[in-house]
Amino acid sequence: MSNVYTISELTKVYKGNTKKANDHISFTIQEGEIFGLLGPNGAGKSTLINQIAGLTRPTSGSIHLYGMEVTKSPHIIPEYVALQTQQMSALRDVYPEEALRYTAQLRGCSRAEARRQTKNLIEELGLGEFREKLIRNLSGGQCRLIHLALTFVGDRPIQIFDEPTNDLDPVVRLMVWEKLFKLNRQGKTIILVTHNVLEAERIIQRVGIINHGQLLAIGGIGELKERVDQRIRLELLLKAEYVSVPAYRDLFALLGEVHNLTLQHVIILCRRDSTRSAIDLILLQIGIDKLDDFRIQTPSLEDVYLQLGGGGSFGS
Amino acid sequence: MAHSTILPKPLEEDMAFPPYPRQRASARAVVWQYCVVTRIMLMEYRTSWFIQIFMALILPMGIIFFLKSVGDVKSTTQAIFLLGGNMATSIAFGPTNFLVTKIGWAKQIQEFDFWMALPLSKLTLVFAIIAVSLLFALPGLVGVYVLGNLLFGLPFMGQHLLLVPFIPLCVLPMAGLGTLLGHYAPNGQTANVLGNLLIVFVGFLAPMMIPMDVLPLPLQIVARFVPTTYVADAFRAILANQINLMVAFDVLILSFFSVLLLTFSYIFLDWRTA
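Please read all numbers here as calculations on a predicted model, not as lab measurements.

## A look at the interface of chain A and chain B
Line of reasoning, step 1. With 46 residues of chain A at the interface, the matching set in chain B holds 41 residues.
Line of reasoning, step 2. A combined buried area of about 4000 Å² lies between chain A and chain B, and 59% of that area is made up of carbon and sulfur atoms.
Line of reasoning, step 3. When the buried surface of chain A facing chain B is broken down by residue, Leu55, Tyr102 and Leu106 of chain A rank first, second and third, together holding 18% of it.
Line of reasoning, step 4. When the shortest N-O distance is used, the salt bridge between glutamate 98 of chain A and arginine 46 of chain B registers 2.7 Å.
Line of reasoning, step 5. Remark: the boundary between chain A and chain B carries 14 residue pairs in polar contact (both at pLDDT 80 or more).
Line of reasoning, step 6. At the level of elements, strand E1 (3-12), strand E6 (81-84) and helix H2 (96-106) of chain A are the ones that each hand at least two residues to the side of chain A that touches chain B.
Line of reasoning, step 7. For the side of chain A that touches chain B, a count of residues per class yields 21 nonpolar, 13 polar and 12 charged.

Right, dumping it as structure tokens:
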């Protein structure tokens, strides 16, 4: 795969600050991939995407977009890149339809094309029900949806999203993930910053983990999963009336490393080769009817995030 | 839209080719973008246009009403002096104050992030903001002119139409000043304070309603470097129908201030986070 972005030794120190918000970060973004950027709050994710989107000037390092050095010519970036920032501070007193139509026009669409794209997005994202309201008067979730639509409009080949599903209800979140996946199938390169690791795992193809301004790990999801704790996670939710049975606690300790999230909610990390016998023992000695929930999980993107992103191993 | 194209060449072998060539905007495309941005900017004032215009009108009109009420206007010359000064003050109250607070708050709430993420030049955005401020200046100016003439008993003359082409030249340097002050305000609250300071300075510490020779020497010196001094002079000359070399001098100075302050505001308005 060819690279759309090549980021080299990117460092950012904000004015009046000595701490590096980004510290010599180097990586590439490949054409047509969904790249996820994960990390805790204040890790430097937004600073990084603001630099690659041309909103923030890097202190040092370079950014190449389609081979063009854009560090000193950030005005080139919006010709190929659309960005959804976390907040939407502009266009507060316009109607969603106007905002979409004019944004499309400013991205170079003709009037007819802008109207067509606006109509399609309004239908696709279900924005019709609040088209009569000024953006200022919309709820947080509705605003987020408009903000996403403003990123989609104009059909940029690279689209960057900073926490796209914040404030959205589960149904709309699902629709947004579907939309991002659809865009990717159409060949768009998607760069995603999110805390919603479990949902993002379904669509992210490659991931970078950032903390304290440094890129700690980067690679395909499978590749990174191999680098974390390989134990299988057995997650049990005991029915309330059985939480204080001592025999069950003894059994859990026998099966592996136990983490009591609550009295009812228990996680057991057991070796791969003993997973089957552990499940058998749980079903035999406790029984499925005494459990409200029972899940068997291999390492997830969340484990990768927690373990490689400076969060420590599970439960720490 | 007509565009000339530039096809960039990837530097490295593993770099992807751009899916389409870069678009270099033609003059027509720039004008089109400018119209779209100005339209959006105007729409942004759907809910606050009334208060913006009201603010530009109320204070200068209140001052005229006050001066008339206390009976301090004894001659036509004095009336023209006060009316010209008030019209210049309304520019400071309206578009200049508007720009200081607009830019100051836009920086604080990161409004520019939206515009920066679009293929739009900073110049287009700056000129769109200034166009809106110019538009907001008009009701204030017209209101002060009409009320002042009525209250002071000055005649409405055909020559006063000369004020119309003169207005942009008076607004532009003040718009540049407003943009600069807004940019240097660290946050929205400070921008509000700067706007109020500007009103106090222009309204009461400059030769708008007080003759230059009555002002203390330091203020007389400062007044020479403030565009409103020349705006007021020019307005007074047009109102008195005395178009002479002094007006030409005012036009020259205001043109100089316009170019200087707008260039500075373009260069120093650093909308990318440093």
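## Some points on the packing of helix H2 (residues 49-69) of chain B against helix H5 (residues 122-152) of chain B
Residues and elements named next belong to chain B.
Line of reasoning, step 1. One way to put it is that H2 packs onto H5 with a least axis distance of 9 Å and a crossing angle of 25°. Taken together, the axes of H2 and H5 lie roughly parallel to each other. Helix-helix and strand crossings are classified by hand; for H2 and H5 the assignment is right-handed. For the pair H2 and H5, contact is made by Trp49, Gln52, Ile53, Ala56, Leu57, Pro60, Met61, Ile64, Phe65 and Lys68 and by Phe136, Pro139, Gly140, Gly143, Val144, Leu147, Gly148, Leu151 and Phe152, respectively.
Line of reasoning, step 2. A breakdown of the residues in the contact of H2 with H5 according to their chemical character gives 14 nonpolar, 4 polar and 1 charged.

## A few points about the UniProt feature "transmembrane region" (unreviewed entry) in chain B
All names here are of chain B.
Line of reasoning, step 1. According to UniProt, the "transmembrane region" (unreviewed entry) feature falls on residues 49-67, 79-100, 120-148, 160-181, 193-210 and 245-269.
Line of reasoning, step 2. Within residues 160-181, the helical portion is 86% and the strand portion 0%, while the C-alpha atoms at the span's ends are 32 Å from each other.
Line of reasoning, step 3. Secondary structure content for residues 245-269 is 96% helix and 0% strand, and the end C-alpha separation is 35 Å.

The rules behind the values
- Residues numbered from 1 in each chain as written.
- Chains lettered and ligands numbered in written order.
- Predicted model: local features only at pLDDT ≥ 70, side-chain atom pairs only at ≥ 80, totals over all residues.
- Heavy atoms only, no water.
- Contact = heavy atoms within 4.5 Å.
- Buried area = accessible area lost by both parts, 1.4 Å probe.
- Salt bridge = Lys/Arg side-chain N within 4 Å of Asp/Glu carboxyl O.
- Polar contact = N/O pair within 3.5 Å; in protein donor to acceptor, adjacent residues only side chain to side chain.
- Helix = DSSP H or I, 4+ residues; strand = E, 2+ residues; numbered from the N terminus.
- Nonpolar A, V, L, I, M, F, W, Y, C, P; charged D, E, K, R; others polar.
- Axes fitted to C-alpha atoms, helices over the stretch in contact; angles between N-to-C directions.
- Parallel < 35°, antiparallel > 145°, perpendicular 65-115°, else oblique.
- Left-handed = near helix turned anticlockwise from the far one by under 90°.
- UniProt positions renumbered as here; feature names shortened; annotations may be inferred.

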